[in-house]
Amino acid sequence: MINAGIDVGNGYVKALVKNPDMDKKAQAVDIPSATSTISSREAKIEAKDEIKIKNFFNDIYNLMEVSFDSPMITETDHAYIGLRAVRSANPTEEFNLREGHRSKSETELSAKLMLSVLAGKALSDYWAKNKKLPGEGETIPAKVRLAFSLPISEYVEKRDTAIQNYTSSPHIVHIHNFDRVVTVKVDVVSARVMPEGASAQFAIAAKGEKFIEAMIKDMYSNGLSLPEGITAADIASAQGIIGIDIGEGTVNFPIYQDLMFNADTSQTLNKGYGHVLDAAVANLESKGQPYHNRKQLADALENAKVKPLLRARARPAFEAVNDEIGIFVKDVAKKCRDVLNIAGGLAEVIYVYGGGATPVKDKLYPALIDAVKTVFGEDGASFPILYLDSRYSRWLNRDGLYLLCDDGPRSAEDLTNV
C-alpha cells in the first residue's frame, strides 16, 4: 500500500509518498510539472547495468521515460517526466496558464504526472525489496491511498468527478528506462481532494506555536505589530483565517470561519507567479535572449543564484522578472481587498505562502499591508499578516494533503523537508 499526498502545481509537483510496510518516513518528491513526448524510442539514458540502475533510482522521478494505458490519458507515445523533460530537446508540455477556462483536472498532464509519481514509488519499493527488476511479463501491483488538490473554483464544481477518474479503474504505467519494459498497475483504492491553499492550513496547524513565533518576528520587522497581550498561542488558535496561496497559475484565497472551510467566500485569482515568468520570457525573447519558456527561465534563475559564473549573464532575466512582479502585485492586492470586503469581518489572521511567495515578497508584503489599511483604516496596522518563506511554504499543500490520506499518518512528525 502507498500513502500519497500529491500537490500538482502549475510549476512543480510536490509529493510525499510512503509505503507503511517499508518506510520509516515519507519520501519527498519535487519535480517540474512538465513532460515531453518522444515520437520513437530514443532514450538518452538506458539503465542496463547495476550501477546505472542504482543511479536511476537515486533520482527516479526526474529520469523516467513512460507510457500509459489509462482511461485518463489518450496519448500513446512515450514521454519524459520532470526535469528530464525540461532539459530535453523535445517540445515541452506544461500547464498553459492562458487556458484559464480549462480545468486542471481535465488536462492529461495532471494524470501523467500523478501516475508517474505513483508508479515510480511502486518500482522503487520493488527494487528496494528484491534488489532486482521485475521479470519479463511481470506486473508490479500498486494499491494507493491518494490525496490531491484542485484550485478552489474547480474543487467546488469538479471534485467528485476528479475522484472518480482516479478510483473507477486501474491505470497501467509502462517504464522504458531499462533493457525491458517495466509495468506498474496503479489501483487507487481511496482518494480525497482538497482545495488548493486549504490543505496548507492543516500543515500550518500541525507545526505549532514555535513556527508561528518565527513568522511573528518577521512580521515585526516589516512594520506590523500585534495588539498588546496577543501571543503566538492566540494566533495558533485563531478560527477566522484568510490564506493567500501564491502558485504558478493561480493565487488562491481559502477562507476559514470557525475553522471550517467556506467555499462560498473563498476566491481564486486566475493569475500566478508563472504569468510573471511567461511575460518575462516574451520580453527576453524579443531582445534575443535564450529563454523559450518559463521552466527554462526558472531553471536558469535558480542556477544563477548558486553559480557565480552564470550570475552576470542572468542579470537581464532578473530585471525582466522584477518588472513584471510589480504588475502582478497590484492584481493580488486588489483581490485581497475584495476578499477582505467580503470576509474580513470575521478574519483574525492572514497567512501568505506558496511557491511564488518569496520572489514577490519585497513588493507584495507592503501592498498587502496597504490593502488591509484601506479596508480597516489604521486599525489594520495590528492585523496579523504572517508571510511564510517559499523554501518551506511551497511544501504546505503537499504536507496537508499527506496528513489527510485515508487511514494514513496523522502526525506531523512523519513529514520531511519541513
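It should be emphasised that the depicted structure is a prediction, and the values quoted were computed from it without experimental measurement.

Moving on to the confidence of the model for the chain. With 91% of its residues at a pLDDT of 70 or more, the chain shows a mean pLDDT of 86. Across the chain, the secondary-structure element scoring lowest on mean pLDDT is helix 10 (residues 308-311), at 76, and the one scoring highest is strand 9 (residues 171-175), at 96. The low-confidence segment residues 408-413, where pLDDT is below 50, has twelve contacts with residues more than four positions distant or belonging to other chains.

Turning next to the packing of helix 8 (residues 273-286) against helix 11 (residues 315-343). Contact geometry of helix 8 with helix 11 gives a least axis separation of 8 Å together with a crossing angle of 130°. With respect to helix 11, the axis of helix 8 lies oblique. Helix-helix and strand crossings are classified by hand; for helix 8 and helix 11 the assignment is right-handed. Note on element contacts: helix 11 touches helix 8 through Pro316, Ala317, Ala320, Val321, Glu324, Ile325 and Phe328, opposite Tyr273, Val276, Leu277, Ala279, Ala280 and Leu284. For the contact of helix 8 with helix 11, the per-class residue count stands at twelve nonpolar, no polar and one charged.

As a packed pair, helix 8 and helix 9 (residues 294-306) sit with axes 9 Å apart at the nearest point and diverge in direction by 95°. In terms of their interaxial angle, helix 8 and helix 9 are classed as roughly perpendicular. In this structure, helix 8 uses Gly274, Leu277, Asp278, Ala280, Val281 and Leu284 to contact helix 9, whose residues at the interface are Arg294, Leu297 and Ala298.

Moving on to the pairing of strand 6 (residues 78-81). Because side chains alternate across strand 6, one face comprises the buried residues His78 and Tyr80, and the other comprises Ala79 and Ile81, equally buried. Judged from the four bridges that link them, strand 4 (residues 34-38) and strand 6 form a sheet pairing that is antiparallel. Across the sheet, the residue bridging to Ile38 is His78, located in strand 6.

In this structure the tally under the stated criterion is nine aromatic pairs. Taking 5.3 Å as the distance between ring centres and 75° as the angle between the ring planes, the aromatic pair formed by Phe56 and Phe57 counts as edge-to-face. Here Phe56 falls in the buried class, since its relative accessible area comes to 2%. Seen from their ring centres, Tyr256 and Phe261 are 5.9 Å apart, and the 65° between their planes marks the pair as edge-to-face. On the basis of relative accessibility, which here comes to 7%, the residue Tyr256 falls in the buried class.

Attention now moves to the sheet that holds strand 7 (residues 92-94). Spatially, 3-2-1-8-10-9-5-6-4-7 is the arrangement adopted by the ten strands of the open sheet, whose pairing is mixed. Looking along the sheet, the strands with just one partner apiece sit at the ends: strand 3 (27-32) and strand 7. Recorded for the sheet is a direction-independent mean angle of 35° between the axes of neighbouring strands. Pairing geometry for strand 4 and strand 7, over three bridges, is antiparallel. From the neighbouring strand, Thr35 faces strand 7, where its bridge partner is Glu93.

In this structure, Lys131 is a non-glycine residue whose phi angle is positive, near 55°. Mapping Lys131 onto the fold places it in the loop between helix 3 (108-130) and strand 8 (139-150). Taking the relative accessible area as the measure of exposure, Lys131 reaches 61% and is therefore exposed. In this model, Asp258 sits at a positive phi of 55°, which is unusual for a non-glycine residue. Along the polypeptide, Asp258 turns up in the loop between strand 13 (255-257) and strand 14 (260-261). The class for Asp258 is exposed, based on a relative accessible area of 59%.

Rules used in this analysis
- Residues numbered from 1 in each chain as written.
- Predicted model: local features only at pLDDT ≥ 70, side-chain atom pairs only at ≥ 80, totals over all residues.
- Heavy atoms only, no water.
- pLDDT = per-residue confidence, 0-100.
- Helix = DSSP H or I, 4+ residues; strand = E, 2+ residues; numbered from the N terminus.
- Contact = heavy atoms within 4.5 Å.
- Axes fitted to C-alpha atoms, helices over the stretch in contact; angles between N-to-C directions.
- Parallel < 35°, antiparallel > 145°, perpendicular 65-115°, else oblique.
- Left-handed = near helix turned anticlockwise from the far one by under 90°.
- Nonpolar A, V, L, I, M, F, W, Y, C, P; charged D, E, K, R; others polar.
- Buried < 20%, exposed > 50% of the residue type's maximum accessible area, 1.4 Å probe, protein only.
- Pairing = 2+ DSSP bridges.
- Phe/Tyr/Trp six-rings, centres within 6.5 Å; stacked < 30°, edge-to-face > 60°.

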